[in-house]
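In case you want the letters, here they are:
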Amino acid sequence: MSTTEWGPLAAVHERSPLLRATRDRYAETTPFAGLTVGVSAPLTPHTGLFVDVLATGGADVLVTGEAGSTDPAVVEWLRDRSGVTPPASAGLSASELTDTRRELLEAGLDLIADDGAHLVSLLHDEFPDAAAAVRGACEQTTGGITRLQAMAERDRLAFPVYDINGAPMKRQFDNVHGTAESSLTAIAELTDIMFAGSVAVVAGYGRCGRGLARKLRSLGARTIVTEVDPRKALEALADGHDVRPMSQAVGDADLVITATGRYRVLRAEHLDELADGTVIASIGSAIEIDDEALADAATVERRDSGVARYTFTDGRTVSLLTDGRVVNLAAPDGTGNPSAVMDTTFALMSRGLAALAEGVDHSPGLYDVPDRIDRAVATEKLAAMGVEIDEVSPEQRAYHEEWQTHDAG
Ligand code: NAI
């Protein structure tokens, strides 16, 4: 395809060497020939390229997006792509999207690429017979893995699922670096905030929160972390951040960002403490900020796209970004993480699905991505960046394998 034929995917295609190589390989090997793959994910240009890789590999791909993060240009581009069925339109409501997911599941799937476990949970809930026919799935988000762990613990999974989110090549780059960079870009574009010198509260010191707090501090912000896990709180302290409960942190904040994936982390009891002018956003999920409590306590005015200004009766105003939905994806120009990390995440997804298509020796359950896949993605990424590394020498290997050697001190 020429650059112009990639349309809205052109820039992403240029910056995704692993997906390009995977696409070329799958055009030869067609690992998905005769298989139907369901894809549920924010429909950004990155996802569009991933869908194209699957279709090039022979799959019949049925695609559903997410409310608020579906790019109409990508939907239109996919409509012209043979072997791909995109959603009817980019502007589907949450309930219309669930109906689209039902239609997709009714069609019968062999493989699933999921984001948030939406397809997998709906399938097991409403279409148990169709679940029995599925070869396997890949899940790429923290929130989705939490739900799948609950299903696996109750023996409710009907097929093997690869935990893409837990793979080192996903979690150490996509969550830590990509999410922080794209979220801070989105926040800067939506507001007039200057990070340097501002006080930023980061809720959650997991992979996303730690990456975000670190980048905020490198920009000159003063950071306060809130946590519920004592080890994470200690880690945040050791990394040099202030640590407090949310109720004691919000009063000092210019910026509050949630990165937990948990329900109502910023809620009614915190609203009285918020300082005038505070900017509030989530990078974790749409459930973390209690926007109903905000709407009850304050009047709302929507001046700019993506920014809702709430005014309390005492005159304080706070700005909620993208109605509490993840800001890097839901911002008007938000396309999620940079291509450099989505390339590796979707390379893992593609290869995980290809392994499942080939047939893996797994009973139903949640599994780590095979190390050979993660390592191959890392090796190809380094090669694409033109970076070389050392190899373990035969002498080094022998020293570590021969455990009875004692003479080296
Ligand atoms: P994680 O599990 O590594 O970290 C979550 C942290 O939040 C944990 O340390 C946990 O102890 C803490 N936490 C839980 N409840 C809390 C509360 N009430 N107050 C304060 N801290 C609390 O998860 P990870 O990988 O950092 O992901 C976090 C969220 O970000 C997930 O929902 C994930 O799906 C989402 N995510 C968003 C991306 C984006 O592009 N916006 C990309 C990757 C992940």
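Residue positions are given per chain, counted from 1 along the sequence in the order it is written. Residue-level local features of this predicted model are given only where pLDDT is at least 70; pairs of side-chain atoms are given and counted only at 80 or more, and the full residue set underlies all totals for whole chains, interfaces and linings. The side-chain quantities take in all heavy atoms of the structure and omit both hydrogens and water.

1. Things to note about the domain arrangement of the protein chain
Thought 1: The split into domains, and so the bounds of each, comes from an automatic or database assignment of domains. If you check the domain split of the protein chain, you get domain 1 (4-170 + 337-384) and domain 2 (176-330).
Thought 2: Counting from both sides, the interface comprises 11 residues of domain 1 and, opposite them, 9 residues of domain 2.
Thought 3: Both faces combined, the contact of domain 1 with domain 2 buries some 680 Å², and carbon together with sulfur accounts for 51% of it.
Thought 4: Taken as a group, G68, N337 and P338 account for 48% of the area that domain 1 buries against domain 2, more than any other trio of residues on that side.
Thought 5: The rule for a salt bridge is simple: a side-chain nitrogen of Lys or Arg has to be within 4 Å of a carboxyl oxygen of Asp or Glu. Where domain 1 touches domain 2, the interface holds 0 salt bridges.
Thought 6: Nitrogen and oxygen atoms within 3.5 Å of one another constitute a polar contact, given that in protein one can donate a hydrogen and the other can accept it, and given that sequence-neighbouring residues count only through two side-chain atoms. Across the contact surface, domain 1 and domain 2 share 3 residue pairs in polar contact (both at pLDDT 80 or more). The contact rule is simple, with two residues in contact once any of their heavy atoms fall within 4.5 Å. The quantity reported as buried area is the accessible area (1.4 Å probe) lost by two parts once they are put together, taken as the sum for both.

2. Notes on the nonpolar core
Thought 1: By size, the foremost hydrophobic cluster in this structure holds 46 residues, and its most contacted members are F32, L54, V61 and L353.
Thought 2: Each helix is a run of H or I in the DSSP string that is no shorter than four residues. Each strand is a run of E no shorter than two, and both are numbered from the N terminus. Per element, the largest residue contribution to this core is 10 residues, and it comes from helix α16 (residues 339-358).
Thought 3: Ignoring anything within four residues of it in the chain, the contact list for V61 reads V37, V39, V51, L54, A55, G83, V84 and T85.
Thought 4: Core analysis: the second largest hydrophobic core is formed by 27 residues, I193, V202, L216 and L255 among them. The criterion is simple. A nonpolar core is a set of buried Ala, Val, Leu, Ile, Met, Phe, Trp, Tyr and Cys residues joined through side-chain atoms within 4.5 Å. Classification of residues uses two cut-offs on accessible area relative to the type maximum, computed with a 1.4 Å probe and protein chains only: under 20% is buried, over 50% is exposed, and between them is partly exposed.

3. Re unusual backbone geometry
Thought 1: Backbone geometry places R264, a non-glycine residue, at a positive phi of 45°.
Thought 2: Relative to the helices and strands, R264 is located in the loop between β10 (255-258) and α13 (268-271).
Thought 3: On the basis of relative accessible area, R264 is assigned to the partly exposed category, the value being 21%.
Thought 4: The phi dihedral of T322 falls on the positive side, at around 45°, and the residue is not glycine.
Thought 5: Inspection of the secondary structure puts T322 in the loop between β14 (317-321) and α15 (327-330).

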